[in-house]
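Below, each chain spelled out in residue letters.
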Amino acid sequence: MRVTFGSDILHRQQYGGISRYVVELACGLKRLGLADVNINAFAYLNHYLHDQAAELQHRGLYVPYRIRGLGPTISHVQNWINAVHFKPTDLVHLTYYGVDILSSCRAKSVATFYDMIHERYMPDPIFSTQKRKAYEASDHCIAISHATKRDMVEFLGADPDRISVVHLAANGSPRPQQADNVSKSRADLMWIGRRSDYKNFDSFARAFARTRACRDGVRIVCAGGSAFTPQERSQWQSLGIREAQVVRVSPGDDELDAMYRRVLALVYVSKFEGFGLPPLEAMTAGCPVIASTGGSLPEVVGDGGLLCEPEDIDAIANAIDQVVYYESLRKRLVIDGYERAKLFSWERCARETHDVYRKLM
């Protein structure tokens, strides 16, 4: 079976969960001998594809830096190349809702949907129209969680029979020995990614301010996200959180993995997620997880972490203090998280995706 992956996300994203999924899926299909894989990208910005280019036998031009307007330019040139010369394929996999590639062939098509968060929290008519076009143009869709599938039915009016759920995975393998390494050298809680809107950092900050952990000087380490604003600093100070207790870092993948292994816990209390890779990454790395019940997070975390309603400030505060002050609980969460993480793998993702392909052939 010949499978061609659209390049939409690979000339937009240098790093990130979606492009990692695309590259890991392509590698998994090839390693398992399930498909002859082609990445339809004459040029790309993506670090993960660059790292795996030899394995995927991809000869596209890697641009290791962002230039204003480069992504759209690559997209236009790619469409022209497709119109002039498109390699024969049995199936096209749309990676980020772009349907232009389908005009170059008569192959079957699959589109992956990651979430409907824009439709739920940040209405964007242009993006929503693009998603609808991808749904209507594809022969079948993959949703990365049951929560995303439900939202596709609600917001797109999608036919549930045209949607298969295939979960993502985290890089690396769960390490059981981490269960014995729960005495951390630094009293830090970890937050990852954006802090605004549905990510719900405000509820986390208000909950943290009520904890004994806050009074005892435990820190919040924010990995990624934008720089702290004066308004944020002022709000945290008004809650009683000292300035030195909230710090921001920008770790690479290896540094992020080391952080998961060093902190007391990851706190991930979004109002909604289409999947939520950070909790899975944390469980894989032997890091206790406090997560919300928002969207797909119960699907991912299950009984491998502590779950709280995203707006229940007291419950979040109580979970923080339990994890910080009870080493036996942290040890149990590491063990349970390890067992939970074993349910997710890129091999499983590749095999289940191939099952979707086969049904269309």
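Residues numbered from 1 in each chain as written. Predicted model: local features only at pLDDT ≥ 70, side-chain atom pairs only at ≥ 80, totals over all residues. Heavy atoms only, no water.

**Quick notes on the sheet that holds strand E13 (residues 289-292)**
Applied cut-off: Pairing between two strands requires that DSSP report at least two bridges joining them. Only DSSP runs of H or I covering at least 4 residues are called helices, and only runs of E covering at least 2 are called strands; the numbering of each starts at the N terminus. Fitting a line to C-alpha atoms yields each axis, with helices limited to the stretch in contact; the angle taken between N-to-C directions then spans 0 to 180 degrees. By definition, residues are in contact when any of their heavy atoms lie within 4.5 Å.
Taken in spatial order, the six strands of this open sheet run E11-E10-E9-E12-E13-E14, and their pairing is parallel. Two strands lie at the open edges of the sheet, namely strand E11 (246-249) and strand E14 (306-308), each paired on one side alone. Each strand axis lies, on average, 25° off the axis of its neighbour in the sheet, ignoring direction. Together, strand E9 (188-192), strand E10 (219-223), E11 and strand E12 (265-268) form the strand contacts of helix H10 (residues 253-262), whose direction differs from that of E9 by roughly 140°.

**A short note on the packing of aromatic side chains**
Quick note on the threshold: Pairing of aromatic rings covers Phe, Tyr and the six-membered ring of Trp, with a centre-to-centre limit of 6.5 Å; geometry is then stacked below 30 degrees between planes, edge-to-face above 60, and tilted otherwise. Relative accessible area decides the class of each residue, using a 1.4 Å probe on protein chains only: under 20% of the type maximum gives buried, over 50% gives exposed, and in between gives partly exposed. Charge over a ring is defined by NZ of Lys or CZ of Arg lying within 6 Å of the ring centre and within 35 degrees of the ring normal.
Counted by the stated rule, this structure contains 17 aromatic pairs. With a centroid separation of 5.8 Å and 80° between ring planes, the pair formed by Tyr21 and Tyr114 is classed as edge-to-face. Placement of Tyr21 in helix H1 (residues 17-31) and of Tyr114 in the loop between strand E6 (108-113) and helix H4 (117-121) is noted, with a sequence separation of 93 residues between them. In this structure, Tyr21 and Tyr114 share a single accessibility class: buried. Measuring from ring centre to ring centre gives 5.6 Å for Tyr97 and Phe127, while their planes differ by 75°; the resulting arrangement is edge-to-face. Of this pair, Tyr97 sits in the loop between strand E5 (91-94) and E6 while Phe127 is found in helix H5 (residues 125-137), placing the two residues 30 residues apart along the sequence. Taken together through their ring pairs, the aromatic side chains of Tyr21, Tyr96, Tyr97, Phe113, Tyr114 and Phe127 make up a single cluster. Above the ring of Tyr135, the side-chain terminus of Arg162 is found at 4.2 Å from the ring centroid.

**Concerning the environment of Val324**
Counting through the fold element by element, Val324 comes out in helix H13 (residues 313-325). A residue is classified by how much of its surface remains accessible, and Val324, at 12% relative accessible area, is buried. Measuring from C-alpha to C-alpha, the distance between Val324 and Ala213 comes to 6.9 Å, with 111 residues separating the pair along the chain. For Val324, the residues in contact, after removing those within four places along its chain, are Leu189, Ala213, Val218, Leu264 and Arg330.

**Focus on the environment of Val300**
Examined against the element boundaries, Val300 turns out to sit in helix H12 (residues 297-301). Between the C-alpha atom of Val300 and that of Gln52, which follows or precedes it by 248 residues, the distance is 27 Å. Sequence-distant contacts of Val300, defined by excluding residues within four places in its chain, comprise Phe275, Gly276, Leu280, Met283, Arg340 and Phe344.

**Details of the nonpolar core**
For the record, the criterion: Only buried Ala, Val, Leu, Ile, Met, Phe, Trp, Tyr and Cys residues count toward a nonpolar core, and they belong to the same one when joined by side-chain atoms within 4.5 Å.
Ranked by internal contacts, the top residues of the largest apolar core, which has 82 residues, are Phe5 and Phe113. Top element by residues in this core is H1. It accounts for eight residues. Leaving out residues up to four positions away in the same chain, Phe5 has contacts with Val22, Leu25, Ala26, Leu29, Val37, Asn38, Ile39, Asn40, His93, Thr95 and Tyr357. Within the second largest apolar cluster, 33 residues are counted, among which are Phe204, Ala213, Trp236 and Ala317.

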